[in-house]
Amino acid sequence: MHGEHADMDARVRALLGRRLKVDAPERLDGAAPLRDLGVDSAGLMNLVVALEETYDIDIADRDITVENFGTLDAITGYVARRAP
């Protein structure tokens, strides 16, 4: 990863890590399904709100799909496309 994308990945990992109470979010498998990391629907919604606040974006309900929010890597890619 390069520059801004690497920074965004680190920030998204940190957000998810805080919500999962993970000591080393950099060790989270970016390709693992969020449910395998312990994220349930309520946790996902909390993460969505945190991403909206952190990146000043609006995430439409229709965008909360497996393609956009199924893995940490997918979330980072989604936010990278949306963030100003």
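Residues numbered from 1 in each chain as written. Predicted model: local features only at pLDDT ≥ 70, side-chain atom pairs only at ≥ 80, totals over all residues. Heavy atoms only, no water.

Attention now goes to the packing of aromatic side chains. Applying the stated criterion across every chain, the model contains one aromatic pair. With a centroid separation of 5.1 Å and an interplanar angle of 55 degrees, the aromatic rings of Phe-69 and Tyr-78 are classed as tilted. Across this residue pair, the class does not change: Phe-69 and Tyr-78 are buried. (Phe/Tyr/Trp six-rings, centres within 6.5 Å; stacked < 30°, edge-to-face > 60°. Buried < 20%, exposed > 50% of the residue type's maximum accessible area, 1.4 Å probe, protein only.)

Looking at the element boundaries, Asn-68 is found in helix 3 (residues 66-69). When residues no more than four places from it in sequence are discounted, the contact partners of Asn-68 are Asp-63, Ala-74, Ile-75, Tyr-78 and Arg-81. (Helix = DSSP H or I, 4+ residues; strand = E, 2+ residues; numbered from the N terminus. Contact = heavy atoms within 4.5 Å.)

The residue Ala-80 is located in helix 4 (residues 72-82) in this model. It is 7.0 Å that separates the C-alpha atoms of Ala-80 and His-5, two residues lying 75 residues apart in sequence. Setting aside residues no more than four positions away along its own chain, Ala-80 makes contact with His-5 and Met-8.

A few words on the pattern of salt bridges. The tally for this structure, following the rule as stated, stands at two salt bridges. For Asp-9, the salt bridge goes to Arg-13, with nearest N and O atoms at 2.8 Å. With Asp-9 and Arg-13 both in helix 1 (residues 3-20) and four residues apart, the pair spans about one turn of that helix. Arg-13 shares its class with Asp-9; the two are buried. (Salt bridge = Lys/Arg side-chain N within 4 Å of Asp/Glu carboxyl O.)

Here the protein averages 88 in pLDDT, while 95% of its residues score no lower than 70. No element of the protein has a lower mean pLDDT than helix 1, which averages 81, and none a higher one than helix 3, which averages 96. (pLDDT = per-residue confidence, 0-100.)

This brings us to the nonpolar core. Side chains of a nonpolar character, in soluble globular proteins, are inclined to be buried together. In terms of nonpolar packing, the biggest core is built from 21 residues, with Leu-51, Tyr-55, Phe-69, Ile-75 and Val-79 touching the most fellow members. Of all the secondary structure elements, the ones that give two or more residues to this core are helix 1, helix 2 (41-55) and helix 4. It is helix 2 that contributes the most residues to this core, six residues altogether. Beyond its immediate chain neighbours, meaning those up to four positions away, Ile-75 contacts Val-12, Leu-34, Leu-47, Leu-51, Asn-68 and Phe-69. (Core = buried A, V, L, I, M, F, W, Y, C linked by side-chain atoms within 4.5 Å.)

Time to look at helix 2. If you check helix 2, its first and last C-alpha atoms are 21 Å apart, about what 15 residues at 1.5 Å a residue would give, namely 21 Å. By the burial criterion, the buried members of helix 2 are Leu-44, Leu-47, Val-48, Ala-50, Leu-51 and Tyr-55. In a view along the axis of helix 2, the buried residues occupy a sector of 165 degrees, so they form one face of it. Its side-chain oxygen 3.3 Å from the backbone nitrogen of Ala-42, Asp-40 forms the N-cap of helix 2. Where helix 2 ends, the next residue or the one after it, Asp-56, has phi of about 50 degrees, a positive value. (Expected span 1.5 Å × (residues − 1). Arc of directions from axis to C-beta. Polar contact = N/O pair within 3.5 Å; in protein donor to acceptor, adjacent residues only side chain to side chain.)

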